[in-house]
Structures are given as C-alpha cells and as structure tokens.
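A closer look at the structure
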Amino acid sequence: MVYYAGVDLGATNVRAVVADGDGTIVGSHEQGTPRGPTGIAVTEAVLGVLREACANANIDPDQITTAGIGSIGPLDLAEGAVIDPANLPDTIDRIPLTGPIMNLIESDEVYLHNDTNAGVIGERFYSDRNPDDMAYLTISSGIGAGICVDGSVLSGWDGNAGEVGHMVVDPQGQLTCGCGKDGHWEAYCSGNNIPRYTRWIHQEDPVETALPVEDPEFSAADVFELAGKDPLADHVIEQVGHWNAMGVANIIHAYAPLVIYVGGAVALNNEELVLGPLKEELSEMVFTNVPDVQLTTLGDDVVVKGALASAMTRGTGDRAKLH
C-alpha cells in the first residue's frame, strides 16, 4: 500500500497529514510550534507531529513513500533547512527538515517548499478554478506569496521566490520588519506586527482608545474586534488595507495573475475587514487587469494539502502528473 505525507511548519503551528494511494487523508496531527530553545527543538516537533499522524493512520513512518513540506522561510534548499526565520526567536537560527524526515520515513523522496509555494500548489491541485497564472497570498504571522506563471510554480534557485512580505512599501522605513530591514509590507500588516504598528500610530497621534495598547498581550485580534467601535482600531484597519492594496498591486504588476487566493489567520478570521479595503483600492493602483481576489478555497488546510499534493506528484502539484 502506498502512503504519502504532507507537513506544514508555520510560525504558530506544526501540522502533518497522511494519505493513502488515492489521496484520501487517513491520519493527521497538529501542535504549537516550539519557540526554542534551538532549531533542533522545532525539528523534533515536526518529526513528532509526523509520527503521530502516522500512528493515527495506523501505519509506521517507514510506510510513507513520499513526503512534501511547506515551511516558513527563508529556506536553504541545498541544506534542506530553514535559516534564521523572521517570525521565531533569534535563538532559532537553523531548522533541519529534509534530512531528518528522510531518515524517519526511510525515503529520499522528500520535497521542501516555502509555505506559500505549497499554498499555490494546493490551490492548483484541489481548486476548481486553477488557471496557469495565479497566486496564493498569506496574511498571517508573516506575509508571503506563492506564484504560478504559465503553469509553473516559481521557486527560485534557493526556494525563496515569493517573499513578497519583504517588499518595501514604505520608503521612509518608519517600522522595522522582523527580518531586521525597514519599511517592509510585513512590518505593517502581518499578525505579529499589527499591534506594533497600532502602538506606533497611537504614539504619533494619541487619540482616546479602548484598545489595550500597553498590554503585553495586545494582539491583532483586539484591533479587528473593535472595528466600527473605536477610532484607533478603525484608523489602523484603514491603513493596513492601504498597505495591503499596495503589496497586492505589486504582485499584480509583477506576475499578472488571473486569480489571487488569500489565506492566513489574519485574512481568514477577518475577511470583510481585510479583503474589503484591499479590493476597494486596487482599481486606483493597478493599471493592468485587476484579478479576482478571494479567500482560499482550502481554509487552514491550504499549506498542508499543498505539501501533500507535492508528495503525490513528486514535487509539482500538477494534476496531470499525478501517478
């Protein structure tokens, strides 16, 4: 019996699924992503989640013939590892992935992708609308995109194509991204950075607000929860929509997608507040064709299903290559 595995390593959670030869998921497991103390702790969590998914499928890990991984970046494909991830603590400088999973499943067929590349593979493989020119954008702990042009998913020589969250949208560089560079899209609009952006706006213009801006636990969810009820929350959401529209306009001008699927916790949990303002501004920013922008059809499963599709198609996610 043939079995495949898909793994999703995110900054917040690690997930794994196991599917039989027909692509039916027969086992899964999920846990929080460790915050350290080192990258090896994250590797061990990935291996543990995959072992549990196999146990839930009533198989041994060595029965997996092929595995796909969708991971936060940046990646070093030659090493099969994540190097200096922007959205994990600085003590985590390297997370080995490909080699340890090869050892666990006793197979050299392990395919590593940036998580957003896995996302676009998932949309290409599972969605009814999957044109040759499309993109998957995640707005979550970080921001990134998987791009498909002329039917080919763009990976880049090092696996890091699509790091659009690190496009400069603010030339004044008023905020510093988690990667250490100034003015990046992610510094203003990611789930990790919306609270910091809110505090910065409040310091510049200290309007009365019910937002707990001084609370260490203040989160992006607090901002969206007070939409329509608090002037600071409304202003932040408006500004985030502007930066998001600018970033998406850059994607459109660079790659001309027919459809952009949007996922990630920030977008999935706040569809109208995230996609609404973005769509309103696009027509004013884009001089070419404005694509259809909609939520991912696969919800929270888009990356792990993309990783699984990669395994089932030996790294491509192309329906025509399913074997």
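The structure we're discussing is the one just above.
Quick caveat, the model's predicted, so the values are computed rather than measured.

All right, on to helix α3 (residues 115-126) then. Quick reminder: α-helices carry 3.6 residues per turn. Residues three or four places apart thus point the same way. For α3, with twelve residues, the first-to-last C-alpha span of 16 Å sits near the 16 Å given by 1.5 Å per residue. Most of α3 is tucked away, with eleven of its twelve residues classed as buried. Of all the positions in α3, only D115, T116, N117, A118, G119, V120, I121, G122, E123, R124 and F125 are classed as buried.

To continue, consider the packing of α3 against helix α10 (residues 302-312). Where α3 meets α10, the closest approach of the two axes is 7 Å, and the angle between their N-to-C directions is 75°. Classified by the angle their axes make, α3 and α10 are roughly perpendicular. Only V302, V303, K305, G306, A307, L308, A309, S310 and M312 of α10 make contact with α3, whose side of the interface consists of D115, A118, G119, I121, G122, E123, F125 and Y126.

A full pass over the atoms with the stated rule returns zero disulfides. Unpaired in this structure, C189 has its nearest cysteine sulfur neighbour in C177, at a distance of 11 Å.

Before going further, it helps to examine the packing of aromatic side chains. Both the distance between ring centres and the angle between the ring planes are used here to describe each pair of aromatic rings. Taken as a whole, this structure holds four aromatic pairs when the rule is applied. Ring plane angle 75° and centroid distance 4.9 Å describe the contact between F125 and Y126, whose orientation is recorded as edge-to-face. Classification of F125 by relative accessible area gives buried; the value is 9%. The partly exposed category is assigned to Y126, whose relative accessible area is 26%. Arranged with centres 5.2 Å apart and planes meeting at 80°, the rings of Y188 and Y197 form a pair that is edge-to-face. Exposure class is identical for Y188 and Y197. Each is buried. For K305, the ring lying beneath its charged end belongs to Y126, and the centroid distance is 5.5 Å.

Among the secondary structure elements, D170 is positioned in the loop between β11 (152-153) and α4 (185-189). Here D170 sits buried without a salt bridge, and the closest side chain of opposite charge, R196, lies 11 Å off (N-O distance). With residues near it in sequence (within four places) discarded, D170 still touches G183, Y188 and W243.

Here the focus is unusual backbone geometry. Between G36 and the following residue, P37, the backbone shows a cis peptide bond with an omega angle of 10°. Residue position: P37 is located in the loop between β3 (25-32) and α1 (39-56). A cis geometry characterises the amide bond from G73 onward to P74, with omega recorded as 0°. Tracing the sequence through the fold places P74 in the loop between β4 (64-71) and β5 (75-76). If you check the backbone angles, D84 has positive phi at about 50° while not being a glycine. Mapped onto the elements, D84 comes out in the loop between β6 (81-83) and β7 (94-96). Among the residues examined, D84 registers a relative accessible area of 49% and is labelled partly exposed.

Counted residue by residue, strand β12 (residues 259-263) has five buried out of five residues, so it is predominantly covered. In β12, alternate side chains face the same way, and those of V259, Y261 and G263 on one face and I260 and V262 on the other are all buried. Strand direction decides the pairing type here: strand β9 (residues 134-139) and β12, joined by five bridges, are parallel. Residue pairing across strands places T138 opposite G263, the latter belonging to β12. Pairing geometry for β12 and strand β13 (residues 292-295), over four bridges, is parallel. Residue pairing for β13: Y261 is matched across the bridge by Q294.

Take the pattern of salt bridges next. Within this structure, the stated rule accounts for six salt bridges. E109 is paired through a salt bridge with R314; the nearest N and O atoms lie 2.1 Å apart. Taken together, the residues span a long stretch of sequence, with E109 in the loop between α2 (98-105) and β8 (110-114) and R314 in the segment after α10 at a distance of 205 residues. Using a relative accessible area of 21% as the deciding quantity, one classes E109 as partly exposed. Take R314: its relative accessible area is 40%, and that puts it in the partly exposed class. In this structure, the salt-bridge partner of D292 is R129, at a minimum N-O distance of 3.0 Å.

On to the sheet that holds β7, then. With antiparallel pairing, the three strands of this open sheet are ordered in space as β5-β6-β7. Looking at strand neighbours, the two that pair on one side only are β5 and β7, the edges of this open sheet. Of the strand pairs in this sheet, β5 and β6 are connected by two bridges, and their pairing is antiparallel. Each residue of the ladder has a partner; that of D76, found in β6, is A81.

Cut-offs and rules
- Residues numbered from 1 in each chain as written.
- Predicted model: local features only at pLDDT ≥ 70, side-chain atom pairs only at ≥ 80, totals over all residues.
- Heavy atoms only, no water.
- Helix = DSSP H or I, 4+ residues; strand = E, 2+ residues; numbered from the N terminus.
- Expected span 1.5 Å × (residues − 1).
- Buried < 20%, exposed > 50% of the residue type's maximum accessible area, 1.4 Å probe, protein only.
- Axes fitted to C-alpha atoms, helices over the stretch in contact; angles between N-to-C directions.
- Parallel < 35°, antiparallel > 145°, perpendicular 65-115°, else oblique.
- Contact = heavy atoms within 4.5 Å.
- Disulfide = S-S within 2.5 Å.
- Phe/Tyr/Trp six-rings, centres within 6.5 Å; stacked < 30°, edge-to-face > 60°.
- Lys NZ or Arg CZ within 6 Å of the ring centre and 35° of its normal.
- Lys, Arg positive; Asp, Glu negative; His and termini not counted.
- Salt bridge = Lys/Arg side-chain N within 4 Å of Asp/Glu carboxyl O.
- Pairing = 2+ DSSP bridges.

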